[in-house]
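Here is how the chains run, residue by residue.
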Amino acid sequence: MKRICIIAFGAKKIWDVNPEAGSQPAGLVYLSPLHQRTKIYAQTFFSDWMILSAKHGFLKAGDMIHENYDVAFGKPHKEQVTREELSHQFDEKNLAAYDELVILGGKKYRKVIDPLLQPHQKANYPLAPYQGIGYMLQALKRATETKIELPPHISYTHISS
């Protein structure tokens, strides 16, 4: 079974610490503790992983981001990536080639990811049972330290939009 891990972007970005940083690869942009932990988890358990940004959509670690932004899923914003653009990226970045998408993000990500799934795909949200970022951080840290993946949480299959 071919799997990919999709991790959430973070509100704190490199330009918040270094406003003169200029263009940066996506893998270095996001600095929040949760993003950092999910990135370590993705790199520990997956050969393929991507970041899902509310402004830029699906990003590989080397994709360049040119400036700071304040756009989040669940909050309407004129710069938020559209469903059409996400669908285009899903095809363009060949995400349909994966049987399972493991999404390390909150509830808002279900509304974004699930409508994109193809009939053969399932999405797994292993952080869903954890109430609060602190518990998520602990679970991710424990998983990477013990080299034991988080158990799957209700794998959602394709839904029609």
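Quick notes on the rules
- Residues numbered from 1 in each chain as written.
- Predicted model: local features only at pLDDT ≥ 70, side-chain atom pairs only at ≥ 80, totals over all residues.
- Heavy atoms only, no water.
- Helix = DSSP H or I, 4+ residues; strand = E, 2+ residues; numbered from the N terminus.
- Polar contact = N/O pair within 3.5 Å; in protein donor to acceptor, adjacent residues only side chain to side chain.
- 1 Å grid on protein atoms, 1.4 Å probe; cavity = no way out; pocket = protein on both sides within 12 Å on 5 of 7 lines; lining within 4 Å.
- Points joined across faces, edges and corners; volume = space filled by probe spheres on them.
- Nonpolar A, V, L, I, M, F, W, Y, C, P; charged D, E, K, R; others polar.

**Q** Looking at this model, I keep getting lost on the side chain of glutamate 100. Mind explaining?
**A** On the secondary structure map, glutamate 100 appears in strand β6 (residues 100–104). Side-chain polar atoms of glutamate 100 contact the side chain of asparagine 124, separated by 3.2 Å.

**Q** What is the right way to look at the layout of surface pockets in this model?
**A** Empty space left among the atoms is revealed by rolling a probe the size of a water molecule over them. Put simply, the largest pocket is a space of about 630 Å³. Forming the walls of the largest pocket are 29 residues, and the residues nearest its centre are Ala8, Leu34, Gly106, Lys108 and Tyr109. Taken together, the residues that form the lining of the largest pocket break down as 16 nonpolar, 7 polar and 6 charged. Roughly 200 Å³ of internal volume is contained in the second largest pocket. Every residue lining the second largest pocket is listed: Phe73, Gly74, Gln80, Val81, Thr82, Arg83, Leu86, Lys108, Lys111 and Val112. Taken together, the elements giving at least two residues each to the lining of the second largest pocket come down to α4 (83–92) and α5 (108–113). Residues of the lining of the second largest pocket, tallied by class, amount to 4 nonpolar, 3 polar and 3 charged.

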